[in-house]
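Structure assessment
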Amino acid sequence: MNLLQEIQQKIDQKTKPIGALGELENLAKQICMVQETTSPSLKNPTIIVFAGDHGLAKEGVSAYPQEVTFQMVYNFLNGGAAINVFSRQHDLNLKVVDAGVNFDFEPHPDLIDMKIGKGTESSLRGNALNADQISDCFDKAKALLERDDLKDVDIVGFGEMGIGNTSSATLIMSALYQLRLDECIGKGTGVDPEGFKRKYDVLEKVLEKHQGATSPEQILSAFGGFEIAMIATTMLEAASKGKMILVDGFIVTAAYAIAKAMNPEIQKNAIFSHVSDEKGHRLLLQKLEAHPLLQLGMRLGEGTGAAMAFPIIQSAVNFMNEMASFESANVSDKE
Ligand SMILES: O=C(O)c1ccc[n+]([C@@H]2O[C@H](COP(=O)([O-])O)[C@@H](O)[C@H]2O)c1
Ligand SMILES: Cc1cc2nc[nH]c2cc1C
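Residues numbered from 1 in each chain as written. Chains lettered and ligands numbered in written order. Predicted model: local features only at pLDDT ≥ 70, side-chain atom pairs only at ≥ 80, totals over all residues.

A word on the pairing of strand β1 (residues 46-52). Counted residue by residue, β1 has 7 buried out of 7 residues, so it is predominantly covered. The alternating pattern of β1 places T46, I48, F50 and G52 on one face and I47, V49 and A51 on the opposite face, and all of these are buried. Of the strand pairs in this sheet, β1 and strand β2 (residues 93-100) are connected by 7 bridges, and their pairing is parallel. Paired with A51 across the strands is D98, a residue of β2. As judged from the 6 bridges shared by β1 and strand β4 (residues 155-161), these two strands associate in the parallel manner. Across the sheet, I48 pairs through a bridge with F158, a residue of β4. (Buried ≥ 20, exposed ≤ 12 C-beta atoms within 10 Å, placed from the backbone. Helix = DSSP H or I, 4+ residues; strand = E, 2+ residues; numbered from the N terminus. Pairing = 2+ DSSP bridges.)

This part covers the site of ligand 1. Neighbouring residues of ligand 1: 24 residues in total, closest S62, G188, G249, S276 and G301. Secondary structure elements with two or more residues in the shell around ligand 1: β4, α6 (165-177) and α11 (250-262). By residue number, the principal contributor to the shell around ligand 1 is α6, which donates 3 residues. (Near = placed C-beta within 6 Å.)

This brings us to the UniProt feature "active site" (unreviewed entry) in the chain. As recorded in UniProt, the feature "active site" (unreviewed entry) lies at E302. Its place among the elements puts E302 in the loop between α12 (281-287) and α13 (304-322). Among residues more than four places away in sequence, those in contact with E302 are V49, A81, A82, I83, G159 and M161. (UniProt positions renumbered as here; feature names shortened; annotations may be inferred. Contact = placed C-beta atoms within 7 Å.)

The subject of this paragraph is unusual backbone geometry. G224 connects to G225 through a cis peptide bond whose omega is -5°. Residue placement: G225 occurs in the loop between α9 (216-223) and α10 (226-240). Phi is positive for E36, which is not a glycine, with a value near 50°. Residue position: E36 is located in the loop between α2 (22-35) and β1. A positive phi angle, close to 55°, is found at Q178, a residue other than glycine.

Another aspect to go through is the packing of α10 against α11. The geometry of α10 relative to α11 is characterised by a closest axis approach of 8 Å and an angle of 50° between their N-to-C directions. Taken as axis vectors, α10 and α11 run oblique relative to one another. Handedness of the α10/α11 crossing: right-handed. Judged by residue contacts, I228, I231, A232, M235 and L236 of α10 engage I251, V252, A254, A255, Y256, I258, A259 and M262 from α11. Classifying every residue of the contact of α10 with α11 gives 13 nonpolar, no polar and no charged. (Axes fitted to C-alpha atoms, helices over the stretch in contact; angles between N-to-C directions. Parallel < 35°, antiparallel > 145°, perpendicular 65-115°, else oblique. Left-handed = near helix turned anticlockwise from the far one by under 90°. Nonpolar A, V, L, I, M, F, W, Y, C, P; charged D, E, K, R; others polar.)

Residues V97, I172, M235, I245, L246, A254 and A255 are the most contacted members of the largest nonpolar core, which totals 94 residues. Looking at which element gives the most residues to this core, the answer is α10, with 10 residues. Beyond its immediate sequence surroundings of up to four residues, I172 is in contact with I219, F223, A254, A257 and I258. (Core = buried A, V, L, I, M, F, W, Y, C linked by C-beta atoms within 7 Å.)

Our next topic: the site of ligand 2. Neighbouring ligand 2 are Y64, V68, M72, M161, T189, L300, G301 and E302. Taken together, the residues that form the shell around ligand 2 break down as 5 nonpolar, 2 polar and 1 charged.

This part takes up α13. The end-to-end C-alpha distance of α13, which contains 19 residues, comes to 28 Å, matching closely the 27 Å that a straight helix rising 1.5 Å per residue would cover. For α13, the set of buried residues is T304, G305, A306, A307, M308, A309, F310, I313, A316, V317 and M320. (Expected span 1.5 Å × (residues − 1).)

Turning to the pairing of strand β5 (residues 244-247), a few remarks are in order. Side chains of β5 alternate between two faces, with M244 and L246 and I245 and V247 buried alike. Pairing between β4 and β5: 3 bridges, direction parallel. If you follow V156 over to β5, its bridge partner there is I245. Sheet topology note: the β5/strand β6 (residues 270-272) ladder contains 3 bridges and is parallel. Opposite I245, over in β6, you have A270 as the bridge partner. For the crossover from β5 across α11 to β6, the handedness is right-handed. (Right-handed = clockwise from strand over helix to strand, strands pointing away.)

Spatially, β3-β2-β1-β4-β5-β6 is the arrangement adopted by the 6 strands of the open sheet, whose pairing is parallel. Looking at strand neighbours, the two that pair on one side only are β3 (111-113) and β6, the edges of this open sheet. Averaged over all neighbouring strand pairs, the angle between strand axes comes to 30°, with direction disregarded. Strand contacts of helix α3 (residues 68-77): β1, β2, β3 and β4, with the helix running at about 155° to β2, the strand carrying the most contacts.

Right, let's talk about the environment of F50 for a bit. Relative to the helices and strands, F50 resides in strand β1. When the 32 C-beta atoms within 10 Å are taken as the criterion, F50 is described as buried. Through-space distance from the C-alpha of F50 to that of E227 is 5.2 Å; in sequence the pair is 177 residues apart. Beyond its immediate sequence surroundings of up to four residues, F50 is in contact with V97, A99, E160, E227, M230 and I231.

Here it is in structure tokens:
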């Protein structure tokens, strides 16, 4: 019997009709296959929020000013953001990575300094990231997962914070899958009709300028941002270390799309937490053949969708480890 058959047999011997735990059975199978075991674990579940600023933000593509990025980083460190509340509720460790915020932070025990730069270049002018910065992301992602507080983590929930980053995610989606801008663009933090028109016009110009960007590396370099690049490279690193990758909303999914284009193998490790209310997310998930667990009308980011989905994934692992079998519970199996 191969491992997949052993896993299926263990699932089918649990005290339930065949297949009755639905999606939880698929999750259990997926985690068991990644961990090469029939007794999976989710040790030290951790949400990492990657923060970064965007040169494009000064073109008026967001409903909020750029300084909200660093202000929200302080909110995360002080425990007051939505992701702090949900992480506490579900017993998740929370780490914040400064991937490239346009602000100099004082050292803080929960803030990990992985600064690539102080905000990306505007993609209207040139590439958001240069080749050295992309290679810096790969090095920093490796160092990140080698830290003592992250190396024994079985599942990483990816979150982000960055004013203007729905623009980067939109541009990445459009370029990667050759989709029209109107299929990918949404309101982000909630731009009004005038702001939406401005965002549309700016992104149209950016796409025009970077038509030659076709490989995932070129697309990431053209459109950024630092947090998206750090998420993509950390996902690749996490998958290579056999960790589960828990994908959050629109921006994190765009980072995943880049990572998957670089190495399709990572899909084995990826779990999709929710479909966000940001307009392009549903189509992006379809392009990735990804099936999100939740639909709650959320569009916040920060890893909040990942935090909400975590208890479901924990249930998948717990039934596998704790449920009785027909034999152990003396329940009659089907004829
Ligand atoms: O996760 C999502 O699906 C999502 C959808 C819309 C907005 N956001 C968050 O809003 C910010 C980006 O929005 P914007 O309008 O500044 O591009 C960024 O901090 C994200 O965390 C997040
Ligand atoms: C206040 C605020 C909180 C956020 N969290 C993630 N993106 C955000 C954007 C804004 C504007």
